[in-house]
Amino acid sequence: MTTAVQPDHEAVVIGGGFSGIGAAIRLKEAGIGYQVIEEADDVGGTWHWNTYPGVAVDIPSFSYQFSFERRTDWSRVYAPGTELRGYALDLVEKYDLRRHIRFGTRVLGATFDEDAHLWRLETSAGDEVTARFVVTATGVLTIPKPPEIEGVEDFAGPTVHTARWNHDLDLRGKRVAVIGTGASAVQLIPELAKEVSHLTVFQRTPIWCLPKLDGPMPGAVRWLMKKVPGGDLAARLASQAFVEVTFPLAAHYSGVVPFGKLGEKLARKALQEVEDPEVREKLTPKYAVGCKRPSFHNSYLQTFNLEHVLLETEPIARITPTGVVTDAGVVHEIDVLVLATGFKVFESGNMPPFRVTGVDGVDLEAWWDENRFQAYEGVSVPGFPNMFTVLGPYGYNGSSYFNLIETQTRHILRCLERARREDATFIEVKREANDRYFRSMLARRGQQIFWQDSCAVANSYYFDKHGDVPFRPAPTIETTWRSMRFDLDDYRFATLADGGGAGGSDRSRGTVAA
């Protein structure tokens, strides 16, 4: 009989953003020993790294929080980034998580030890951490995506990415260039325009910008939520309904919920506030609303009415030590270069964010390259036992990330609790269960808004390298129900001491086609 090797930790959570915090809270409540490994010097994830001027959440604050920790003191309907980071810090303090978090450490690689039924994690500190189970909670809006532009590293002045903002940078009276017009840029550009002497915005693909139903949270509303029984819950339910209609239902059931047409009507009306018809035309997308996530802001479009703000849509040829040169040969002399070029999402270097080696030495990134992005319920991949992902392919349906976190951690805890009941040291989703789920995802995408012809010119990060959109085509209530009711027999549980494990698993790594 083989004796199971005892790892350093029963579970390791990789990432200290809200996904990692949510996973840690549930592991703690279940009495499962854990450690969180976080690259930064504090928690917050997206809200730790993204601190650029104007940063804020893009869905109502009532939805952007855990259902079991509802705050009523948000200063605005859409909370600013500082308050969201404060919320993360408060959760860590309340649930006494900090002493279980290892900061300033990045996981470089994870290898499954088939003989010992554990993961060996290689860290940036040069040591190895072992864990029976691993939960990856690294999110998607943390790893900056640099632009592939000739000479970008040659610029002699300050260069800053929105995800690594330099608050010591004084922009008053400076000539500033912003490359990119995505969600971060939409929030940043109006703020920069207040300080700089001249702002040049380089746009590759325009973004639909809708009015934002934002404003200071009235004191009376906060009082009602605190004092009236169920007041905070009512606010959350109303917010959830708004979020559900405007993205999950509109995106996945576009033929039934024609929000895209209404959204485009509202966006075109907002565009009328741009005074110059030529500039207005440049700011008008050529793709339908929904091909990529629209942005919400109440002053972004009007910023282009200012005399010192220039919209440049000519492609960039190269960057010199003193400026930006377009394909047409126009030279824009600048003092500061701002990169608002987004993040690595469904692509190499972020899916997964580190080297993962599973059963038989199979590399997860290579497996996804060969078989397309897929994961059972967005959580598990066959051939990679004892590893669970909070934001895996076909896990997120477009609602609040907090719904995703609670749904996926519920799924993970059901697996871990069964393993504990059975003394199992090995959990692997069965290939046939994964294939069944993947087929169901592909079969349901016909109603999704992403497959309109015009989406081909949207340059949306929704589309992965395979041409798929690995979002979960389901309403939020279904994702919640599935996390509570999926068949645990879709997983194989084994005990090393009984001779079970990787050696007895189905080594076939086939997949299904569209």
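Going by the structure above, here's the rest.
Here the structure is a predicted model, which means the values were calculated and not measured.

What counts as what
- Residues numbered from 1 in each chain as written.
- Predicted model: local features only at pLDDT ≥ 70, side-chain atom pairs only at ≥ 80, totals over all residues.
- Heavy atoms only, no water.
- Helix = DSSP H or I, 4+ residues; strand = E, 2+ residues; numbered from the N terminus.
- Rg over C-alpha atoms; globule rule 2.2 N^0.38 Å.
- Buried < 20%, exposed > 50% of the residue type's maximum accessible area, 1.4 Å probe, protein only.
- Contact = heavy atoms within 4.5 Å.
- Areas by Shrake-Rupley, 256 points an atom, 1.4 Å probe, with all protein chains shown as cover.
- Lys, Arg positive; Asp, Glu negative; His and termini not counted.
- Charge placed at Lys NZ, Arg CZ, Asp CG, Glu CD.
- Salt bridge = Lys/Arg side-chain N within 4 Å of Asp/Glu carboxyl O.
- Expected span 1.5 Å × (residues − 1).
- Pairing = 2+ DSSP bridges.
- Axes fitted to C-alpha atoms, helices over the stretch in contact; angles between N-to-C directions.
- Core = buried A, V, L, I, M, F, W, Y, C linked by side-chain atoms within 4.5 Å.
- Disulfide = S-S within 2.5 Å.

(A) Here's a closer look at the overall build of the protein. Regarding its fold elements, the protein presents 13 helices and 20 strands. Taking 514 residues into account, the globule formula puts the C-alpha radius of gyration at 24 Å, and the protein, at 24 Å, falls close to it. The buried share of the protein, reckoned over its 514 residues, is 56%. Within the protein, contacts between residues at least 6 apart in sequence are counted, and of these 73% link residues at least 24 apart. As displayed, the protein offers around 21100 Å² of accessible surface, 52% of which is attributable to carbon and sulfur atoms. Between the averaged position of the 56 positive side-chain charges in the protein and that of its 66 negative side-chain charges there is a distance of 6 Å.

(B) A look at the pattern of salt bridges. Under the criterion given, the structure shown has 30 salt bridges. For the salt bridge of Arg120 with Asp113, the shortest nitrogen-to-oxygen distance reads 3.0 Å. Here Arg120 ties to Glu128 by a salt bridge, and the two come within 3.0 Å at their closest N and O atoms. Accessibility expressed as a relative area gives 44% for Glu128, which makes it partly exposed. What emerges from the salt-bridge pattern is a single network uniting Asp42, Arg85 and Arg98.

(C) Seen up close, helix 12 (residues 431-443). Here helix 12 spans 18 Å end to end across 13 residues, near enough to the 18 Å set by a 1.5 Å rise per residue. All of the buried residues in helix 12 are Ala433, Asn434, Asp435, Tyr437, Phe438, Met441 and Leu442. On its buried face, helix 12 sits against helix 10 (364-371) and strand 19 (426-429).

(D) A look at the sheet that holds strand 16 (residues 336-339). Strand order in the open sheet made by the 5 strands is 7-16-8-9-12, with parallel pairing throughout. This sheet does not close on itself; its edge strands, each paired only once, are strand 7 (159-161) and strand 12 (309-312). Strand-to-strand, the axes of this sheet are offset by a mean angle of 20°, without reference to chain direction. In the sheet, strand 9 (residues 198-202) pairs with strand 12 via 4 bridges, with the strands oriented parallel. Considered in strand 12, the bridge of Val201 is made with Leu311. Strand contacts of helix 4 (residues 183-193): strand 8 (175-179), strand 9, strand 12 and strand 16, with the helix running at about 160° to strand 9, the strand carrying the most contacts.

(E) Spatial organisation of the nonpolar core. Counting 102 residues, the largest nonpolar core has Phe18, Leu199 and Tyr491 as the members making the most contacts within it. Per element, the largest residue contribution to this core is 7 residues, and it comes from helix 11 (residues 401-421). Beyond its immediate sequence surroundings of up to four residues, Phe18 is in contact with Trp47, Tyr64, Phe66, Leu84, Tyr87, Ala88, Leu91, Phe402 and Ile405. Within the second largest apolar cluster, 38 residues are counted, among which are Ile14, Phe247, Val356 and Trp368.

(F) Inspection of the environment of Pro258 at higher detail. Within the secondary structure, Pro258 is located in the loop between helix 6 (231-252) and helix 7 (259-271). For Pro258 and Thr246, which are 12 residues apart along the polypeptide, the C-alpha to C-alpha distance reads 9.8 Å.

(G) Helix 3 (residues 81-94), seen in detail. Across its 14 residues, helix 3 extends 20 Å between first and last C-alpha, which sits within 8% of the 20 Å expected from 1.5 Å per residue. Buried residues along helix 3 sit in contact with helix 1 (18-29), helix 2 (46-49), strand 3 (101-102) and helix 11.

(H) Up close: the pairing of strand 6 (residues 128-136). In terms of burial, strand 6 is largely enclosed, as 8 of its 9 residues are buried. Note: strand 1 (residues 9-14) against strand 6, 5 bridges, orientation parallel. Each bridged residue has a counterpart across the sheet, and for His9 the counterpart in strand 6 is Ala131. Alignment of strand 5 (residues 118-123) against strand 6, held across 4 bridges, turns out to be antiparallel.

(I) Quick look at the state of the cysteines. By the definition in use, this model includes 1 disulfide. Residue Cys291 pairs covalently with Cys455 via a disulfide, S to S 2.0 Å. On the sign convention where negative is left-handed, the bridge of Cys291 and Cys455, at about -80° about the S-S bond, is left-handed. Here Cys291, found in the loop between helix 8 (277-282) and strand 11 (295-296), pairs with Cys455, found in the loop between helix 12 and helix 13 (476-485); they are 164 residues apart in sequence, far enough to count as distant.

(J) Just the sheet that holds strand 14 (residues 323-326), in detail. Ordered by their spatial adjacency, 3 strands build an open sheet running 13-14-15, and the pairing between neighbours is antiparallel. What marks the edges here is a single partner per strand, and that holds for strand 13 (316-319) and strand 15 (331-333). Recorded for the sheet is a direction-independent mean angle of 20° between the axes of neighbouring strands. Examined bridge by bridge, strand 14 and strand 15 share 3 bridges and lie antiparallel to one another. For Val325, the partnering residue across the bridge sits in strand 15 and is Val331.

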